[in-house]
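The primary structure of each chain is shown beneath.
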Amino acid sequence: MALAFTLEREHNQVLFEGDSSAKKVILNRPKKLNVLSYEMICQMLTNFQAYEQDSTTNFVILKSNGRAFCAGGDVVAVLGALIIGHWSFGANFYRKQYALDYLLATYEKPLISLINGVVMGGGAGLSMHAKFRIVTENAVFAMPEASIGLFPDVGASYFLSRLPGYFGEYLGLTGARLDGMEMLACGLATHFVLSKDLVLLENELDKVGTSDTTEIARQIERFSCAAPIKRESAYARLDTINKCFSKNTVEDILLALEKEMKYKAEKWIIKAIKSMEAASPTSLKIFLRSIRKGREQTLEQCLSFEYIVVCNILRGSISKDFWEGGRAKLIEKDNKPKWAPSNLQSVSEETVNRYFTEVDDPHWEILRLPDRPNLVDALKSKM
């Protein structure tokens, strides 16, 4: 696998604007779908901390330039470092990213995410923890990490496990895409606003001279509109999703889907089976363990064990599926990853356990998140 790993200097990857009371953080890497670089994460961490401590700042708006909100973290850069022997770069990358996600989730001032385009992976980590999550008809949400040998992280074991029923299992195991209406229906979004009204909404928010969430919500609701889901939406089949994705193993989930397909070969079922069969078997089992574990834990605990898992994946000492998935999907792009093991039955419980065991490396440290006064609400899962 050949990949030239260079640190190409890009300027203004994140823009920081706004007056003293309303700050704006704007992802500005549109040609790369606002994929998060290490530099972007570090800059946002520094500026969000400064805004929180600034007594004149009432709230922060997080948005993006271009047709994507954020398509995830810069996996290609992480892979490039792995190939030349520096897995520690990836560990530092995820450590900083999780610290930023935790800061935003526990932010002491109202945070407003404007999602007008694709939001995947690391982009979800930035936006799904915000107090206000505004989507448009252009929004597309997905957590497709299992297709490249990773697993849905950035706190996904927390926020996906809090969705109604077992819808989070469905999203993480299949990488299924949701539109803005579906995001609102399942609770990933708090408001739906037409894209043509976003500028007007921002102008009105700029006039809000307070951090009072009731007043901020009142202004947002002025521009919000009803967004009924489409008849063919998988979310409209939540009973069937609960029936299938509540099973205890990935094998049983697939078996349940195959049985359902015999009775009603709906498109969403066919897509779910195909995507799961194409994904890394190891990644699927890691995610199912992750979301089931996360349902009973705090966000801080979820990020802590996700960090252990992702570092074990980066090291490649248990499996190199991430390396292979990156090669097939992002570098050589032949879309023919050779997973090892190649089937679910060969991924033992003992193997999955190893991913959740602290990394055996003298230079590695567990993720230590700071004590935060504005702790995340201990949401109960909507079973």
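What counts and what doesn't
Residues numbered from 1 in each chain as written. Predicted model: local features only at pLDDT ≥ 70, side-chain atom pairs only at ≥ 80, totals over all residues. Heavy atoms only, no water. Helix = DSSP H or I, 4+ residues; strand = E, 2+ residues; numbered from the N terminus. Buried < 20%, exposed > 50% of the residue type's maximum accessible area, 1.4 Å probe, protein only. UniProt positions renumbered as here; feature names shortened; annotations may be inferred. Pairing = 2+ DSSP bridges. Expected span 1.5 Å × (residues − 1). Arc of directions from axis to C-beta. Contact = heavy atoms within 4.5 Å. Phe/Tyr/Trp six-rings, centres within 6.5 Å; stacked < 30°, edge-to-face > 60°. Lys NZ or Arg CZ within 6 Å of the ring centre and 35° of its normal. Salt bridge = Lys/Arg side-chain N within 4 Å of Asp/Glu carboxyl O.

A.B. asks: I'm lost on unusual backbone geometry in this one. Help?
C.D. replies: Leave glycine aside and you will find that most residues have negative phi; peptide bonds, for their part, are mostly trans. Cis peptide bonds are those with omega within 30 degrees of zero, and the linkage from alanine 340 to proline 341 qualifies with 0°. Tracing the chain through its elements places proline 341 in the loop between α15 (321–331) and α16 (349–355). Despite not being glycine, valine 154 has its phi angle at roughly 45°, a positive value. By relative accessible area, valine 154 is classed as buried at 1%. The backbone phi angle of asparagine 335 is positive, close to 55°, even though this residue is not glycine. Among the structural elements, asparagine 335 can be located in the loop between α15 and α16. Assessed through its relative accessible area of 48%, asparagine 335 is described here as partly exposed.

A.B. asks: Even after reading the chapter, I still don't get the UniProt feature "domain: Enoyl-CoA hydratase/isomerase" (unreviewed entry) in the protein chain, so can you show me in this structure?
C.D. replies: Under the UniProt annotation, "domain: Enoyl-CoA hydratase/isomerase" (unreviewed entry) lies at residues 24–356. Helix makes up 52% of residues 24–356 and strand makes up 10%, while its end C-alpha atoms are separated by 37 Å.

A.B. asks: Looking at this structure, I do not really get the sheet that holds strand β9 (residues 178–179). What am I missing?
C.D. replies: Backbone hydrogen bonds are what pair the strands of a sheet, in a parallel or an antiparallel way. If you trace the four strands from one edge of the open sheet to the other, you get β4-β6-β8-β9, paired in mixed fashion. In the strand order of this sheet, the two ends are held by β4 (68–70) and β9, each with one partner. Relative to strand β8 (residues 140–142), strand β6 (residues 118–120) runs parallel, the two sharing three bridges. Among the inter-strand pairings, valine 119 is bridged to a residue of β8, identified as phenylalanine 141.

A.B. asks: Mind showing me how you'd approach the sheet that holds strand β2 (residues 22–27) here?
C.D. replies: Spatially, the six strands line up as an open sheet ordered β1-β2-β3-β5-β7-β10, and their pairing is mixed. Either end of the sheet is taken by a strand with one partner, and the two such strands are β1 (14–18) and β10 (191–192). Where strand β5 (residues 111–115) and strand β7 (residues 132–135) come together, four bridges link them in parallel fashion. Looking at the pairing, isoleucine 112 lines up with phenylalanine 132 of β7.

A.B. asks: I'm lost on helix α12 (residues 267–278) in this one. Help?
C.D. replies: Because an α-helix completes one turn every 3.6 residues, residues spaced three or four positions apart along the sequence face the same direction. With twelve residues, α12 should cover 16 Å at 1.5 Å per step; its first-to-last C-alpha distance of 16 Å lies within 8% of that length. Residues of α12 that are buried include every one of Trp268, Ile269, Ala272, Ile273 and Met276, and no others. One face of α12 carries all of its buried residues, which in axial projection span an arc of 135°. Residues of α12 that are exposed and point more than 90 degrees away from the buried face comprise Lys267, Lys271, Lys274 and Glu277. Buried residues along α12 sit in contact with α6 (167–174), α10 (238–245), α11 (250–263) and α13 (281–294).

A.B. asks: Is there a simple way to explain the packing of aromatic side chains in this structure?
C.D. replies: In this description, a pair of aromatic rings is defined by centroid distance and the angle of the planes. Going through the model one piece at a time under the given rule, you end up with 13 aromatic pairs. Ring centres 5.5 Å apart and planes at 70° place the aromatic pair phenylalanine 93 and tyrosine 94 in the edge-to-face group. Across the pair, exposure class does not vary: phenylalanine 93 and tyrosine 94 are buried alike. Taken together, a centroid distance of 6.1 Å and an interplanar angle of 15° make the contact between tyrosine 307 and tryptophan 364 stacked. Residue tyrosine 307 is located in helix α14 (residues 299–315), and its partner tryptophan 364 is located in the segment after α16; the two are separated by 57 residues in the primary sequence. Members of the aromatic cluster, connected to one another through ring pairs, are Tyr38, Phe89, Phe93, Tyr94, Tyr98, Tyr307 and Trp364. Sitting above the plane of the phenylalanine 305 ring, lysine 293 keeps its charged end 5.3 Å from the centroid. Here the guanidinium or amino end of lysine 320 rests over the ring plane of tryptophan 323, the centre of that ring lying 5.4 Å away.

A.B. asks: Sorry if this is basic, but what is going on with the pairing of β5 here?
C.D. replies: Looking along a regular strand, one sees the side chains alternate between the two faces of the sheet. For β5, the buried fraction is high: five of the five residues fall into the buried class. Residue alternation in β5 divides its side chains into two sets, Leu111, Ser113 and Ile115 and Ile112 and Leu114, and both sets are buried. Here three bridges tie strand β3 (residues 59–64) to β5, and the two strands are oriented parallel to one another. Bridged to isoleucine 61 within β5 is isoleucine 112.

A.B. asks: Is there a simple way to explain the pattern of salt bridges in this structure?
C.D. replies: Charged atoms that come close allow side chains of opposite charge to pair. All chains considered together, the criterion is met by 20 salt bridges. Its salt-bridge partner being aspartate 179, residue lysine 230 comes within 4.0 Å of it at the nearest N-O pair. Residue lysine 230 is found in the loop between α9 (213–223) and α10, and its partner aspartate 179 is found in strand β9; the two are separated by 51 residues along the sequence. Using a relative accessible area of 16% as the deciding quantity, one classes aspartate 179 as buried. Among the salt bridges present, the one from glutamate 260 reaches lysine 264, with a minimum N-O distance of 3.9 Å. Taken together, the shared-partner salt bridges in this structure form one network comprising Lys24, Lys63, Glu202 and Asp206.

A.B. asks: Hey, could you run me through the environment of alanine 185 in this one?
C.D. replies: Inspection of the secondary structure puts alanine 185 in helix α7 (residues 180–186). According to the relative accessible area criterion, alanine 185 is partly exposed, its value standing at 38%. Each C-alpha atom of the pair alanine 185 and alanine 236 lies 9.7 Å from the other, and the pair is 51 residues apart in sequence. When near neighbours in sequence (up to four residues on either side) are disregarded, alanine 185 contacts Ile229 and Tyr235.

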